[in-house]
Amino acid sequence: MAKEIKNIDENDRNILKALQRDASLSLENLAAQLSLSTNACWRRIKRMEADGIIARRVAIVDPEAVGLSMTVFVAVRTSDHSDKWLEKFAAAASSIEEVVEFYRMAGEVDYMLKLLVRDVADYDRVYKKLIKAVPLSDVSASFAMERIKYETAVPV
C-alpha cells in the first residue's frame, strides 16, 4: 500500500537536502544556511519527523573501513508464494545483519537481497543461514566488482 505523499515546500526541501548531506549540523547553522529563523527551522524539522518524512537520523559507516569489503546481490526464487512462507523468509532474512537491503520483486526474481560481507567465505556462511530458513527454488549471487555510485540521499 502506497504511503500518502506529504506536502512539502521549497524550505522543507532545502532542509531535507542539507540534513541528508550532514545531519550533524547544529540547528543554528542549518537555519543560517537556509536564511530561516531557528524556531521556523526547528518547527519544520519536527513536523517532518512527525509526518514520517524524516524517518531517522543516522551515521553512515564506510563498510570497507569496518572490514566489509564485499557487496553481494542475492536473487532468490521460490515456488511457494504463500503468506506463511513469506513471513518465515522475511523474518529469517531480516534477522541476518549482513542483509542490509531486502526487496520483493516483480519479474523473474522473487526477492533481491543486498549483503555486506567480509569475503566469499563470509558470504557462504550467510548463504547457509538463508537456505536453512525456508525452501528456496533458486539462489544466485552476484558479487560487485566496484561501487561506482552510492547515494543515501533521496532526491527531493
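Relevant structure appears above.
Residues numbered from 1 in each chain as written. Predicted model: local features only at pLDDT ≥ 70, side-chain atom pairs only at ≥ 80, totals over all residues. Heavy atoms only, no water.

### Details of the overall build of the chain
- Looking only at helices and strands, the chain has five helices and four strands in total.
- In the chain, the order of α-helices and β-strands from amino to carboxyl end is α-α-α-β-α-β-β-α-β.
- A compact globule built from 156 residues would reach a C-alpha radius of gyration of about 15 Å, whereas the chain, at 20 Å, exceeds it by more than 25%.
- For the chain, long-range pairs separated by at least 24 residues make up 64% of all intrachain contacts whose partners lie at least 6 apart in sequence.
- By element, 52% of the accessible surface of the chain is carried by carbon and sulfur atoms, the whole surface being about 10800 Å². (Helix = DSSP H or I, 4+ residues; strand = E, 2+ residues; numbered from the N terminus. Rg over C-alpha atoms; globule rule 2.2 N^0.38 Å. Contact = heavy atoms within 4.5 Å. Areas by Shrake-Rupley, 256 points an atom, 1.4 Å probe, with all protein chains shown as cover.)

### Overview of the environment of Ala 121
- As for its placement among the helices and strands, Ala 121 is situated in helix α5 (residues 120-133).
- Note: C-alpha distance between Ala 121 and Gly 67 (54 residues apart in sequence) is 13 Å.

### Section: the side chain of Asp 122
- With respect to the element layout, Asp 122 can be found in helix α5.
- Engagement of the side chain of Asp 122 in a polar contact is seen with the backbone nitrogen of Arg 118, the distance being 2.9 Å.
- Polar side-chain contacts of Asp 122 include one of 2.6 Å to the side chain of Arg 125. (Polar contact = N/O pair within 3.5 Å; in protein donor to acceptor, adjacent residues only side chain to side chain.)

### Description of the layout of surface pockets
- The volume enclosed by the largest pocket comes to roughly 1400 Å³.
- Of all the secondary structure elements, the ones that give two or more residues to the lining of the largest pocket are α1 (10-21), β1 (70-77), β2 (99-104), β3 (111-117) and α5.
- When the residues that make up the lining of the largest pocket are grouped by side-chain class, the tally is 24 nonpolar, four polar and 16 charged.
- In this structure, the second largest pocket encloses a volume near 220 Å³.
- Taken together, Lys 3, Glu 4, Ile 5, Lys 6, Ile 8, Leu 16, Asp 51, Gly 52, Ile 53, Ala 55 and Val 156 make up the lining of the second largest pocket.
- Of the residues assigned to the lining of the second largest pocket, the class counts are six nonpolar, one polar and four charged. (1 Å grid on protein atoms, 1.4 Å probe; cavity = no way out; pocket = protein on both sides within 12 Å on 5 of 7 lines; lining within 4 Å. Points joined across faces, edges and corners; volume = space filled by probe spheres on them. Nonpolar A, V, L, I, M, F, W, Y, C, P; charged D, E, K, R; others polar.)

### Overview of the sheet that holds β3
- A sheet is described by the order of its strands in space; here four strands give the open sequence β2-β3-β1-β4, paired in antiparallel fashion. Since the sheet does not close on itself, it has two edges, and those belong to β2 and β4 (138-143), each with one partner. Looking at each pair of strands side by side, their axes are set apart by 20° on average, direction ignored.
- In this structure, β1 lies alongside β3, joined through seven bridges in antiparallel fashion. If you follow Phe 73 over to β3, its bridge partner there is Lys 114. (Pairing = 2+ DSSP bridges. Axes fitted to C-alpha atoms, helices over the stretch in contact; angles between N-to-C directions.)

### Thoughts on the pattern of salt bridges
- Scanning the entire structure with this criterion turns up 11 salt bridges.
- The partner of Asp 122 in a salt bridge is Arg 125, and the shortest N-O contact between them spans 2.6 Å. Note that Asp 122 and Arg 125 are positioned in helix α5 at a spacing of three residues, about one turn of the helix.
- Exposure remark for Asp 122: the relative accessible area of 3% places this residue in the buried category.
- Judged by relative accessible area, Arg 125 falls into the partly exposed class, the value being 33%.
- Via salt bridges that share partners, Asp 9, Asp 12, Arg 44 and Arg 47 belong to a single interconnected network. (Salt bridge = Lys/Arg side-chain N within 4 Å of Asp/Glu carboxyl O. Buried < 20%, exposed > 50% of the residue type's maximum accessible area, 1.4 Å probe, protein only.)

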